[in-house]
Amino acid sequence: MVSTLKKAVLATVATTALTTSVFAADIIKIDGSSTVYPITEAVAEEFQKETGKKVTVGVSGTGGGFKKFCRGETSISGASRPVKAKEIKKCNEAGISFIEVPVAFDALTVVINKDNDWAAEMTPEELKKMWGPDAQGKVMNWSQIREGFPDQPLKLYGPGADSGTFDYFTEAIIKKSKSIRGDFTASEDDNVLVQGVAGDKGGLGYFGLAYYVENKDKLGAVKVKNKEGKFVEPSLETVMDGSYNPLSRPLFIYLNATKAAFDPNVKKFVEFYLNNAAKLSKEVGYVPFSTAEYDSIKNHVKSLKTGTAFKDGPAIGLSVAEILEKATD
């Protein structure tokens, strides 16, 4: 399978190279998830210092990033959820093969205002009651969520529909992708969500762990009840030991397979990314994989194995080994 793919990529490049230079882009263009952005931006800064090569990193959300990626406008796309069937189709139509690369774990973090002294712990069922589509225009007060909660207006802040965080939250909490109430403040910019919750006593929102770590002086993190019945706070330790569930998830970058194989600048950047992902993901507030897992990911990229482990749809809780093993076109 891999050798066939390599031959196909070689044939594509041989044909394309007759009319255009695909081997060395002057600028490495990246776009996608705001959640993955802090890792990629940190890698890009270090890479530019070391090599002098220019890297641009956009933040149009996971869905927005895939739109650009499948039009051939970017070489790499950051994603806080796996690629979807409709995005695979768009890439296929454009003749773009991709390599799915997990880069770190994230703890999707539910945050509250610092003055909120009643919701330090919540269950997934309470979050569903708050965010589910049936709550629209009806569940408007904290007192409706749990007996004993105060008579305080409920104000919700969350990522927009182009966000992979939005997709993952609805799949993990509502149990149906994109099924959510529509009357909340939505933004692809996580900093807007931080400001909203920080400025509203009745505010609650959710986003990646890195943005909570960066703003923990302004916000509180909710302990979420896991499948073992324990209330667990998101952290490096609770993600690594598996106790922070169901809101732990892998983060990805997707590589244009042709660029990853034959553009020396892109190839060097990806190697640099994976060599530094553990250190830099931890620095910006995410959870690195083990050394052995990163070694497996590097081999996965070198093999040019294209496709996704999620061809049949979302799958909560896959390990790194399972993601790499299941990847297929």
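For the structure, check the block above.
Residues numbered from 1 in each chain as written. Predicted model: local features only at pLDDT ≥ 70, side-chain atom pairs only at ≥ 80, totals over all residues. Heavy atoms only, no water.

Membership of the largest hydrophobic core comes to 83 residues, with the highest contact counts inside it found for W131, W142 and F269. Examining the composition of this core, we find that 8 residues originate from one element, helix α11 (residues 264-283), more than from any other. Each of domain 1 (28-105 + 250-326) and domain 2 (107-241) contributes no fewer than three residues to this core. Among all residues touching W131, those that are not within four sequence positions of it are L156, Y157, G158, F169, I174, I180, R181, F184, L204 and Y206. If you look at the next biggest cluster of nonpolar residues, it comprises 15 residues, including F69, A79, I96 and I323. (Core = buried A, V, L, I, M, F, W, Y, C linked by side-chain atoms within 4.5 Å. Buried < 20%, exposed > 50% of the residue type's maximum accessible area, 1.4 Å probe, protein only. Helix = DSSP H or I, 4+ residues; strand = E, 2+ residues; numbered from the N terminus. Domains from an automatic or database assignment. Contact = heavy atoms within 4.5 Å.)

Evaluation of the coordinates by the stated rule reveals 13 salt bridges. K84 serves as the salt-bridge partner of D167, at 3.2 Å between the closest nitrogen and oxygen. Note that D167 is positioned in helix α6 (residues 164-174) and K84 in the loop between β3 (76-79) and α4 (85-93), a separation of 83 residues in sequence. Of the residues examined, K84 reaches a relative accessible area of 19% and is grouped as buried. As a salt-bridge pair, R181 and D183 come within 2.7 Å of each other at their nearest N and O atoms. Each of R81, K84, E87, D167 and K178 takes part in a single network of salt bridges with overlapping partners. (Salt bridge = Lys/Arg side-chain N within 4 Å of Asp/Glu carboxyl O.)

On their own, these measurements won't tell you what the molecule is for.
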